[in-house]
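A closer look at the structure
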Amino acid sequence: LDEGCSNRCGRQIPPTLPTMAEAAEPTKNDVIDMAQARPERKLLENPLTWWGDTPWLLWNFNYGGIGGIWAGAGEAEALGELFFDCLATLLSVTDLMLGFFLNVLVYNGAAGISEEYAQAISDRYTTLYYERCIPGVSIGLLFGNVYYAYMAGRLAYKENRDDVTAQPYGINTTGAFITLGAINLEALFAQVFDQKNIDKVFGSGNDDGNPAEAGHDAADKAFAIAVAANFVTGIFEILGCLFAEPIRAVIPPPAYYSLLTGVGFVYLAFKPMIEIAAEPIVCLVPLLIVVCGFFGGVKYKIGKSFTIPIAVVAILASIIFGWAGGCAHKNGAVEMYNYGDSWSEVADKTDGIVFFGHRSGNPGNRRMYGNSKKYSTCAGTSKHDASYAYRTFAGDVSSWGGGIFTDVGTGIGEIGVYMGLILVVAVVGFAASLAGVESASAAGDDYPMAETLVIDGVGTCLGALFGSFYGTTVYIGHPIHKTLGAKRGYSVINGVIYFIFLTSGMFATIYSVIPGCANGALLIFVGLLICRQAIEDNPPDYYPAIFFGLFPCLCNWAKLRIDPGVTWNNYARAWLEDDFILEQYGKGGTSAGPGKWWDSADAGNWGAVGMGIEMMGQGGGEWFTLIITSIFCYCTDRNFKAGAIMCAIATFLQLVTGIPTVFNATTYANDGTPKMGPERIGYYPKKNKDTNFSWMWTVAFAMSTGFFLIHFALQRAGIIDPPIVREKPGGPSKAAVADAKSDIVEA
């Protein structure tokens, strides 16, 4: 209530008491203007001349606080947020890769050939992940975090300011999920069923079979392909610097803001909230701590001077609740939660539960609560898993041995068929960088776009050279760190911590002691604040376009989690004799029968619904969002000429790249039956059996081009009103021509 409301309502506030507005202390979120005016954009940006006479070899000790890296409590808050933001991504992708993908899908597929073969693949790939991929990530993070701190110092010098905040930098979250599902998993299945490896399993001629060696080779080759793909992704990101400014100058602001809100809402807010809802005893209170701390301004102090970072309080609370048994379940409930495989040892003797296959974890992924065979628990709360991880990987620095620089060379010759997917991941990284730099500019720190893309690409390439298959990019949370009062120290310290943390072999242990949903509350805060910024920086009649951009990201989430037609559906072949499968789906059908992805257990008989999800969700939904939201904005502004140009470009891109698409002639299941699969680069014609659906979008975009050209002609003839001319982003949030219905109808 404000004072005016109290008078209107007939109630008086005693004069000795302040109004609520007067009494409330502004939170950090109220201090920073997230919709500041930006400078004029040029179609081409030269990163060498952008800085003017600013020295290149300049750390700028006059900026950044103590030692040029510590500006006080805000630095600690931002460090906690960024550190756990990166950690949340690492925990999530690790759980997906080593959990469901490697030890359920790949293991059960390989077990149909040989149990020893499957175990060798699982063990070797897990070792490569912790001893090569994770240390490789540390190289990219160290480079990027330190460089962006250096860049912040240069910007402070150039503009003679002391309130500059460094751009946050971390793992490309959306790109990581796409990479795991579309490249890593597909490469693993290709190697599992590679004839050379199968011959080695069973032996040929006078040679005895060697399943262990075959599994070792399959894992090595699949890992090298993923690393090489990541290196090429980095090259594509670097080349993107040539197109960044033209896109930023031409594309309507809601188009790249829809990328922000899509990733922010779906992957940073919606997805973590699902995990929190699954384990509310462990995760709800930490969520409330984050909301009270970041949105409500609550401070958790020790004494009068020391404030504990909100992120640390939330994480500690989740660890306490988790290790106290907050997510422990009796084995009978595991069919729903799918926590580890300790239950499988007793399931057949008790309830007779049979899951897909007879195993869902490697020796270090039992997830037993209190080492009990009666209870299973969520990731990060198993004493068995934590002990195994510490004994096996802690202090192991063998990552600095074999594999560095060699994985890229080994896998580069095999990535031709993945080039379309690599391009998509690069586009996702490009879009993330574009949106991240724009959000930083809206918050008052205008960084050079071309240089940012180059550094993101170089960081990805460096990580790949050391064994990482995760790309790195500027994060879209710069305004959050600015509101917290951070400058650049949080970025430097984050990079150093991760370098030590990930090269020491301790990540596997940390993964095993922090509940999986612990970081989710922090991501929810970041995601929702990003959505808020998108609203503040755009006029109201653009809000529908921004919200429209959520659809493709939601479809991408659905595609990755409940994909109605993945190429690896055929791992069900390994379970043709499984009584549970046969009882549920029958011998003639569905997931056990070839060539019927639309009726498979994975598809859930979705039909057209599943097709729509596949279409919009390809490539992280980013490409689709950028194009469709731009078209949406051109419709809103009656800018039919620009709409025709965009649709013509989309027609060409769809024709030669097939995005979105769900089939290509080179995509086959393991039994040789054509099935839906990831997009590939190349020409996508209509096939005789109508199993390639990319052509439909090519036709649709071409029709849309004609639609806009007709409307443009009618507009030139005076039959349709002229276009709406917009002010520059960050300026007045009204259209210059106020005759559209959206401008005159008051909600």
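Just above sits the structure.
Here's a quick rundown of the structure. (Residues numbered from 1 in each chain as written. Predicted model: local features only at pLDDT ≥ 70, side-chain atom pairs only at ≥ 80, totals over all residues. Heavy atoms only, no water.)

1. Focus: the overall build of the protein chain
To be explicit about the condition: For helices the rule is a DSSP run of H or I covering at least 4 residues; for strands it is a run of E covering at least 2, with both sets numbered from the N terminus onward. When accessible area is computed with a 1.4 Å probe and restricted to protein chains, residues below 20% of their type maximum are described as buried, those above 50% as exposed, and intermediate ones as partly exposed. For this analysis, residues touch if any pair of their heavy atoms sits within 4.5 Å. Method for areas: the Shrake-Rupley scheme with a 1.4 Å probe, in which residue coverage is limited to the protein chains shown.
Helix and strand content of the protein chain: 29 helices and six strands. Considering the protein chain as a whole, with its 747 residues, one finds that 56% of them fall into the buried category. In the protein chain, once contacts between residues fewer than 6 apart in sequence are set aside, the share between residues at least 24 apart is 81%. When the accessible area of the protein chain is evaluated, it comes to approximately 29800 Å², of which 63% is carbon and sulfur surface.

2. Details of helix 17 (residues 449-465)
Note on helix geometry: an α-helix contains 3.6 residues per turn, so any two residues three or four positions apart are oriented the same way. Selection criterion: Given the number of residues in a helix, its expected span is that number minus one, multiplied by 1.5 Å.
Across its 17 residues, helix 17 extends 25 Å between first and last C-alpha, which sits within 8% of the 24 Å expected from 1.5 Å per residue. A positive phi of about 110° marks Gly467, the residue just after helix 17.

3. Some remarks on helix 14 (residues 383-393)
Rules: Taken from the helix axis, the directions to the C-beta atoms give the arc we talk about.
Within the sequence span of helix 14, burial applies to Asp385, Ala386, Ala389 and Phe393. Burial along helix 14 is one-sided: seen end-on, the buried residues are contained in an arc of 100°. Gly395 lies just past helix 14 and shows a positive phi near 80°.

4. As for the state of the cysteines
Covalently bonding the sulfur atom of one cysteine to the sulfur atom of another cysteine gives a disulfide. The condition that has to hold: Here, a disulfide means two cysteine sulfur atoms that sit within 2.5 Å of each other.
As enumerated under the stated definition, the model contains one disulfide in all. Paired by a disulfide, Cys327 and Cys378 hold their sulfur atoms 2.0 Å apart. Residues Cys327 and Cys378 are joined through a disulfide that is left-handed, its torsion about the S-S bond being -60°. Of the two residues, Cys327 sits in the loop between helix 11 (310-326) and strand 4 (329-330) while Cys378 sits in the loop between strand 5 (375-376) and helix 14, which places them 51 residues apart along the sequence.

5. Looking at the packing of helix 3 (residues 73-111) against helix 11
Put simply, the test is: The axes used here are C-alpha line fits, helices contributing only the stretch in contact, and every angle between their N-to-C directions lies in the interval 0 to 180 degrees. Note on terminology: angles under 35 degrees are roughly parallel, angles over 145 are roughly antiparallel, angles of 65 to 115 are roughly perpendicular, and the others are oblique. Charged residues are taken to be Asp, Glu, Lys and Arg, nonpolar residues to be Ala, Val, Leu, Ile, Met, Phe, Trp, Tyr, Cys and Pro, and polar residues to be all remaining types, Gly included.
Contact geometry for helix 3 and helix 11: axes closest at 7 Å, N-to-C directions at 45°. Classified by the angle between their axes, helix 3 and helix 11 sit oblique to one another. Each of Glu77, Gly80, Glu81 and Phe84 in helix 3 lies in contact with helix 11, whose residues at this interface are Ile310, Ala311, Val312 and Ile315. Partitioning the contact of helix 3 with helix 11 into residue classes produces five nonpolar, one polar and two charged.

6. Considerations on the nonpolar core
Filter applied, for reference: Definition used in this section: a nonpolar core is a set of buried Ala, Val, Leu, Ile, Met, Phe, Trp, Tyr and Cys residues joined via side-chain atoms within 4.5 Å.
In this structure, Met97, Tyr129, Phe469, Tyr470 and Phe507 are the most contacted members of the largest nonpolar core, which totals 163 residues. At 22 residues, helix 3 tops the list of elements feeding residues into this core. Apart from the residues lying within four places of it in its own chain, the contact partners of Tyr129 are Leu90, Val93, Thr94, Met97, Leu98, Ile134, Phe223, Phe469 and Tyr470.

7. Observations concerning a nonpolar patch on the surface
What counts is decided by this rule: Each patch is built from residues that are more than 30% exposed by relative accessible area and take part in no salt bridge. Like charges join if they lie within 9 Å; nonpolar side chains (Val, Leu, Ile, Met, Phe, Trp, Tyr) join within 5 Å. For this document, the term salt bridge refers to a Lys or Arg side-chain nitrogen within 4 Å of an Asp or Glu carboxyl oxygen.
A cluster of nonpolar side chains, namely Phe265, Val291, Phe295, Leu528, Phe551 and Leu554, defines an oily patch on the protein surface of about 450 Å² accessible area. If you list the elements that add at least two residues to the nonpolar patch, you get helix 10 (280-295) and helix 23 (550-562). Note that Leu554 resides in helix 23. By relative accessible area, Leu554 is classed as partly exposed at 30%.

8. A short note on the packing of helix 9 (residues 253-278) against helix 21 (residues 520-536)
What counts is decided by this rule: Crossing handedness is read from the near helix: turned anticlockwise from the far helix by less than a right angle, it gives a left-handed crossing, and turned clockwise, a right-handed one.
Taken N-terminus to C-terminus, the directions of helix 9 and helix 21 make an angle of 150°; their axes are 8 Å apart at the nearest point. In terms of axis orientation, helix 9 runs roughly antiparallel to helix 21. For helix 9 against helix 21, the interelement crossing comes out left-handed. Taken together, the residues of helix 21 that come into contact with helix 9 (itself represented by Tyr257, Leu260, Thr261, Gly264, Phe265, Leu268, Ala269, Pro272, Met273 and Ile276) are Gly520, Ala521, Leu523, Ile524, Val526, Gly527, Leu528, Ile530, Cys531, Gln533 and Ala534. When the residues that make up the contact of helix 9 with helix 21 are grouped by side-chain class, the tally is 16 nonpolar, five polar and no charged.

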